[in-house]
Each structure stands twice: as C-alpha cells, then as structure tokens.
Amino acid sequence: MQVMDHVVLHVIFSTKNQRPTLTDNIRAEAHARMVEDIGQSENILLAIGGTADHVHIAAYLSRKMTVAKLVDRLKTAATRWIIRQGTEYESFRWQKGFSVFSVSPADRSALMQYIHTQDTLHRTRTFQQEMRAMYAKYDAGFDERFVWK
C-alpha cells in the first residue's frame, strides 16, 4: 500500500509572556537553528519568520512526527543557542503551548508571503490581535486564560 501525504502546517508560538526577547541581533540566528533542525528531520520547511515576541513556521509535516514533537524540537534547538548568547538570555523561555493550523497546498504561497512580511504586519497590530484574528478565521475556539502563557 502506498501512503501519500501533503500536509502543510502553519505553526505559531511565542516567547514566554510575549516578551520581546528575539531582537534583531539574535532572531535570524535563532531561526537558523530551527531551520537546521528541520533539515535533520523528514519535515520540509517552507518559510520561517516572526518578530521579537513570536515565530511563524510553514512546513510540510512528516508522517513520522507529531506536530508537538516538531515544535518541541524547534523550541529546543533555538533555546540552546539563545541562552548561550549572554547573561541577559539565560532565563529565556518559550510559551508552553503553540497554535497550529492546516493550510491548503493551494494557499501555500500566500502563507509564505504572510510569514515573510511579519515585521510589516506587526507595525499596526499586536501578536494577540493577530492570533485572535487567526482563531476567528479558522473558527478555532480558545480560552484567554491559557492561550497567552
């Protein structure tokens, strides 16, 4: 039996309490660590981007890995590098959870453009505003008591 999969994911996670820790001087390298980790798996990265307080990733998910395992690996890869960048980063942490949405392969290019323009998009809206809009778009319920931790 042949197994075909073509699952495009949009994964979003933030720094702990949305602290703007991923400043310009470390964001690119933190993203590079995540890219490197994806390259060592059977997942395929399409795009990575974000701002000082969160990360967006578009990827094809390997059928051999869960989304939770993928996110854990990405957070760990970046964290190991970030905490070695100086005493101001020793207490760096990510939020406990993440958000993930499946995206039609037909919408892949639009998703990649969205991720690559995060700096521009966040000149006029916060991470929380962005996520509330995304939860509404995908008709995904969420609980304010837990989603921002």
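Throughout what follows, the structure given in this document is the object of discussion. Worth saying up front: this structure is predicted, and the values here are computed from it rather than measured.

Some remarks on the environment of Val8
Take Val8: it is sitting in strand 1 (residues 8-14). The class of Val8 is buried, set by a relative accessible area of 1%. Placed 117 residues apart in sequence, Val8 and Arg125 show a C-alpha to C-alpha distance of 25 Å. Excluding residues that lie within four positions of it along the chain, Val8 makes contacts with Leu46, Ala59, Tyr60, Phe101, Ser102, Val103, Pro105 and Leu111.

Quick look at the sheet that holds strand 2 (residues 44-51)
Within a sheet, adjacent strands bond to each other through the backbone by hydrogen bonds, running parallel or antiparallel. What the 4 strands build is an open sheet, ordered 2-3-1-4; its pairing is antiparallel. Edge positions in the open sheet fall to strand 2 and strand 4 (99-103), since each of these has one partner strand only. The mean inter-strand angle of the sheet, taken between neighbouring strand axes irrespective of direction, is 15°. Sheet topology places strand 1 next to strand 3 (residues 54-60); 7 bridges connect them, and they run antiparallel.

Comments concerning the nonpolar core
Among the nonpolar cores identified, the biggest contains 24 residues, and Phe13, Leu22, Met34, Val55, Ile57, Ile82 and Trp94 are the most heavily contacted of them. Where this core is concerned, the elements lending two or more residues are strand 1, helix 1 (24-39), strand 3 and helix 2 (67-82). With 7 residues, the top contributor of residues to this core is helix 2. Non-local contacts of Leu22, meaning those with residues more than four positions away in its chain, are made with Thr15, Arg27, Thr51, Ala52, His54, Val55, Ile82, Phe92 and Trp94. Counting residues in each nonpolar core, the second largest holds 16 residues, with Leu46, Phe101, Tyr135 and Val147 among its members.

Re unusual backbone geometry
Leaving glycine out, the prevailing phi sign among residues is negative, and the prevailing peptide bond configuration is trans. For Asn17, which is not a glycine, the phi torsion comes out positive at approximately 55°. Backbone geometry places Asp139, a non-glycine residue, at a positive phi of 50°. Tracing the chain through its elements places Asp139 in the loop between helix 5 (127-137) and helix 6 (144-147).

Some remarks on the layout of surface pockets
Which parts of space are left empty comes out when a probe the size of a water molecule is rolled across the atoms. What the largest pocket holds in volume is close to 210 Å³. Residue lining of the largest pocket: His10, Val103, Asp107, Ala110, Leu111, Tyr114, Arg125, Glu130, Ala133, Met134, Lys137 and Tyr138, and that is the complete set. Contributing elements (two or more residues each) for the lining of the largest pocket: helix 3 (108-116) and helix 5. With 4 residues, the top contributor of residues to the lining of the largest pocket is helix 5. Its residues assigned to classes, the lining of the largest pocket shows 7 nonpolar, 1 polar and 4 charged.

As for the packing of aromatic side chains
In total, this model carries 5 aromatic pairs according to the counting rule given. Summarising the aromatic geometry, the rings of Phe13 and Trp94 are spaced 5.0 Å apart at their centres and angled 85° between planes, so their arrangement reads as edge-to-face. Taken together, the residues span a long stretch of sequence, with Phe13 in strand 1 and Trp94 in the loop between helix 2 and strand 4 at a distance of 81 residues. The exposure class assigned to Phe13 is buried, which follows from its relative accessible area of 0%. For Trp94, a relative accessible area of 9% puts it in the buried group. With a centroid separation of 6.1 Å and 50° between ring planes, the pair formed by Phe101 and Tyr135 is classed as tilted. Here Phe101 is found in strand 4, whereas its partner Tyr135 is found in helix 5, with 34 residues between them in sequence. By the burial criterion, Phe101 is buried, and Tyr135 matches it. Within the aromatic cluster, the residues linked to one another by ring pairs are Phe101, Tyr135, Tyr138 and Phe142.

Quick notes on the rules
Residues numbered from 1 in each chain as written. Predicted model: local features only at pLDDT ≥ 70, side-chain atom pairs only at ≥ 80, totals over all residues. Heavy atoms only, no water. Helix = DSSP H or I, 4+ residues; strand = E, 2+ residues; numbered from the N terminus. Buried < 20%, exposed > 50% of the residue type's maximum accessible area, 1.4 Å probe, protein only. Contact = heavy atoms within 4.5 Å. Pairing = 2+ DSSP bridges. Axes fitted to C-alpha atoms, helices over the stretch in contact; angles between N-to-C directions. Core = buried A, V, L, I, M, F, W, Y, C linked by side-chain atoms within 4.5 Å. 1 Å grid on protein atoms, 1.4 Å probe; cavity = no way out; pocket = protein on both sides within 12 Å on 5 of 7 lines; lining within 4 Å. Points joined across faces, edges and corners; volume = space filled by probe spheres on them. Nonpolar A, V, L, I, M, F, W, Y, C, P; charged D, E, K, R; others polar. Phe/Tyr/Trp six-rings, centres within 6.5 Å; stacked < 30°, edge-to-face > 60°.

Honestly, that's just the spatial picture; any functional story needs more than this.
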